[in-house]
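# Observations on chain architecture
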Amino acid sequence: MNNRIKELRARHNLSQLELAQRVGVRRETIVFLEKSKYNPSLKLAYDISKVFALPIEEVFSFGDED
Amino acid sequence: MKKAIIIFIVGSMFLLSLLIWALNTRFTGNMGEILMVATLLIVGSYGIYVAFGRVKSSIRKEPFEDELSKRIMVKASSLTFYLSFYLWLFIMYISDKTKLETHTLIGAGILGMAIVFLLTWLGVRIYGLKNE
C-alpha cells in the first residue's frame, strides 16, 4: 500500500506530531506510515483522509506488489 | 493511568528482586554470572527505554498506546512464543550434557525468552508491519 501522507502533510503545513495528535495516534505511527512500513486500519486511513479533506483513495493506493 | 501504575509496580518488583538477588549472591565472576548480569541489564535497560517513551508521550500529549504499538507487541509476542519452543528444546538437549543445576537452566530459559522478545520486538520495529 502506498500513500501520499508526507506530500499532503507538507501541503497542509502540518508536522508529524500535529497530524498524529489530530488523528489520535503516536507520532511514531505517522513515521511508519510515511515510510510505508505499516498499513493502517480502515478507521485510521479514514481519519487521516478526513484531516486532508480528501477521499481515502486519493491518500492511499494499492501498488502492483500488493 | 491504570496502565502506568501497573508498569510502575512491575518495574519496582523487578528492581527489588534484582536488589535481593544481588545482596544474597556471592559473585565469583564466572562466565555464567557475567552472562546473567548482562542479560538482566539489557532487560532493565529495555524497561527504562519503554518508561522513558511513555513519559515522552505523556509530555507530547500522545496516547501511550495506539494501533501500531499494540500490533508490534502482538507480533513480537507471537514470534517469541514460537521461537521459545526451540529455545526450550535446546535447553532440554543441553541439560543432559552439562552439570548445570535445573534451577539454573530454568533461569537461563526465562532470561533467554526475555532476550528473544527484545530481539523480535526490535526486528518488527526495523522491518515494519507491511501487509500484515
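Source: prediction; values computed, not measured.

A count of helical and extended segments in chain B gives four helices and zero strands. In terms of overall dimensions, chain B has a C-alpha envelope of 50 × 40 × 20 Å along the principal axes. By residue count, 5% of the 132 residues in chain B fall in the buried class.

What follows deals with the overall build of chain A. Secondary structure assignment for chain A yields five helices and two strands. The helix and strand sequence of chain A, counted from the amino end, reads β-α-α-α-α-α-β. For 66 residues, the compact-globule estimate of 2.2 N^0.38 gives 11 Å, and chain A sits close to it at 11 Å. By its C-alpha atoms, chain A is 30 × 20 × 20 Å across when sized along the principal axes. Counting all 66 residues of chain A, 26% fall into the buried class.

Looking now at the interface of chain A and chain B. Each side of the interface is counted separately: chain A has 17 residues, and chain B has 13 residues. For the side of chain A that touches chain B, the secondary-structure elements that each account for two or more residues are α2 (16-23) and α3 (27-34) of chain A. Considered class by class, the residues forming the side of chain A that touches chain B number six nonpolar, six polar and five charged.

Before going further, it helps to examine the packing of helix α2 (residues 31-60) of chain B against helix α4 (residues 102-127) of chain B. All names here are of chain B. It is at 10 Å that the axes of α2 and α4 come closest, and there the two elements cross at 45 degrees. Between α2 and α4, the angle is such that the two are oblique. With respect to the hand of their crossing, α2 and α4 are arranged in left-handed fashion. Residues Met 36, Thr 39, Ile 42, Val 43 and Tyr 46 of α2 form the contact with α4, whose own contacting residues are Leu 111, Ala 114, Ile 115 and Leu 118.

Taken over all residues, the pLDDT of chain A has a mean of 90, while the share at 70 or more is 95%. When pLDDT is averaged over each helix and strand of chain A, the minimum, 88, is found for strand β1 (residues 2-3) of chain A and the maximum, 95, for helix α4 (residues 42-51) of chain A.

The next thing to look at is the packing of α2(A) against α4(A). All names here are of chain A. In contact at an axis separation of 10 Å, α2 and α4 are set at 120 degrees when each is read in the N-to-C sense. Classified by the interaxial angle, the pair formed by α2 and α4 is oblique. Between α2 and α4 lies a crossing of right-handed hand. When α2 is examined against α4, the residues Leu 19, Arg 22 and Val 23 are found in contact with a partner set consisting of Leu 44, Asp 47, Ile 48 and Val 51. Within the contact of α2 with α4, the residues separate by chemical class into five nonpolar, no polar and two charged.

By size, the foremost hydrophobic cluster in this structure holds 17 residues, and its most contacted members are Ile5(A), Ala20(A), Val23(A), Val25(A), Ile30(A), Leu33(A) and Leu68(B). At the level of secondary structure, the elements contributing two or more residues to this core comprise α2 and α3 of chain A together with α3 (67-95) and α4 of chain B. Beyond its immediate stretch of four places on either side in the chain, Ile5(A) contacts Ile30(A), Leu33(A), Glu34(A), Ile48(A) and Val59(A).

We now examine the domain arrangement of chain B. Residue and element names in this part refer to chain B. Each domain of chain B was delimited in the assignment, giving domain 1 (1-64) and domain 2 (65-132). Relative placement of domain 1 and domain 2: their C-alpha centres are 17 Å apart. Looking at side-chain class alone, the side of domain 1 that touches domain 2 contains six nonpolar, one polar and no charged residues.

The rules we used
- Residues numbered from 1 in each chain as written.
- Chains lettered and ligands numbered in written order.
- Predicted model: local features only at pLDDT ≥ 70, side-chain atom pairs only at ≥ 80, totals over all residues.
- Helix = DSSP H or I, 4+ residues; strand = E, 2+ residues; numbered from the N terminus.
- Buried ≥ 20, exposed ≤ 12 C-beta atoms within 10 Å, placed from the backbone.
- Rg over C-alpha atoms; globule rule 2.2 N^0.38 Å.
- Contact = placed C-beta atoms within 7 Å.
- Nonpolar A, V, L, I, M, F, W, Y, C, P; charged D, E, K, R; others polar.
- Axes fitted to C-alpha atoms, helices over the stretch in contact; angles between N-to-C directions.
- Parallel < 35°, antiparallel > 145°, perpendicular 65-115°, else oblique.
- Left-handed = near helix turned anticlockwise from the far one by under 90°.
- pLDDT = per-residue confidence, 0-100.
- Core = buried A, V, L, I, M, F, W, Y, C linked by C-beta atoms within 7 Å.
- Domains from an automatic or database assignment.

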